[in-house]
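A closer look at the structure
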Amino acid sequence: MQDELLMQAAIDLAHQAAALGEVPVGAVVVKDGVIIGRGRNAPIAQHDPTAHAEIQAMREAAQYLGNYRLVDCTLYVTLEPCAMCSGAIQHARIARLVFGASDPKTGCCGSMLDLMSEPRLNHHCEVIKGVMAAECGKILSDFFKQRRSAKA
């Protein structure tokens, strides 16, 4: 139940991203049951290819804690993280990752690659897949369906 409530916070951020014309992905970082970082996709608005929801949420959480290590934190994100975000998750020492929709094209937490269980890397976090996956996936499919309709 707690995972669903926190994923809902990420979903709300994904809707905000969509309203701004960004790919609808939202993320929150949680420590001791409290949201300490929030992020939504913003690469277009910020002219920044690294402005993914996960990166935004981890940056805010790191500022909150005054430390780039996010030990004992959980990251909730609506879409399976890409290679860049997976690397940042490992560098931040996130303890637990919870994501909604899988990403068969660029997902690096079990779909296309599985960087989170790569034995040659020195940090591994617990990964929980598929929390509110249908709702998270619908936000994305509706967004891209609307985009295709606008182009037609």
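See the structure above.
Throughout, residues of each chain are indexed from 1 in the direction in which the sequence is written. pLDDT decides what is reported in this predicted model: residues at 70 or higher carry local features, side-chain atom pairs at 80 or more are listed and counted, and totals for whole chains, interfaces and linings draw on all residues regardless. Each side-chain value is worked out from all heavy atoms of the structure, with water and hydrogens disregarded.

1. A word on the overall build of the chain
Threshold: Note on conventions: DSSP H or I runs of at least 4 residues are helices, E runs of at least 2 residues are strands, and numbering of each starts at the N terminus. We compute the radius of gyration from the C-alpha atoms alone; for a globule the expected value is 2.2 Å times N to the 0.38, where N is the number of residues. Using a 1.4 Å probe on the protein chains alone, a residue whose accessible area is under 20% of its type maximum counts as buried, one over 50% counts as exposed, and one in between counts as partly exposed. Working rule for contacts: check all heavy atoms of both residues, and any pair within 4.5 Å makes them a contact.
Helix and strand content of the chain: five helices and five strands. For 152 residues, the compact-globule estimate of 2.2 N^0.38 gives 15 Å, and the chain sits close to it at 14 Å. Dimensions along the principal axes, computed over C-alpha positions, put the chain at roughly 45 × 35 × 30 Å. For the chain, the proportion of its 152 residues judged to be buried stands at 45%. For the chain, long-range pairs separated by at least 24 residues make up 55% of all intrachain contacts whose partners lie at least 6 apart in sequence.

2. What about the packing of helix α1 (residues 2–19) against helix α5 (residues 133–151)?
Our working rule: For helices, the axis comes from a line fit to the C-alpha atoms of the stretch in contact; other axes are also lines fit to C-alpha atoms, and the angle between any two N-to-C directions lies between 0 and 180 degrees. An angle below 35 degrees is read as roughly parallel, one above 145 as roughly antiparallel, one from 65 to 115 as roughly perpendicular, and any other as oblique.
Running from N to C, α1 and α5 point in directions that differ by 5°, and their axes come no closer than 10 Å. The angle between α1 and α5 places the two elements in the roughly parallel class. Each of M7, Q8, I11, A14, H15 and A18 in α1 lies in contact with α5, whose residues at this interface are E135, C136, I139 and F143.

3. Here's the deal with helix α4 (residues 83–92)
Looking only at α4, the buried set comprises C85, S86, G87, I89, Q90 and A92. If you follow the buried residues of α4, they end up packed against α3 (53–65), β3 (73–79) and β4 (96–101). Positioned one or two residues after α4, R93 has a phi angle of 65°, which is positive.

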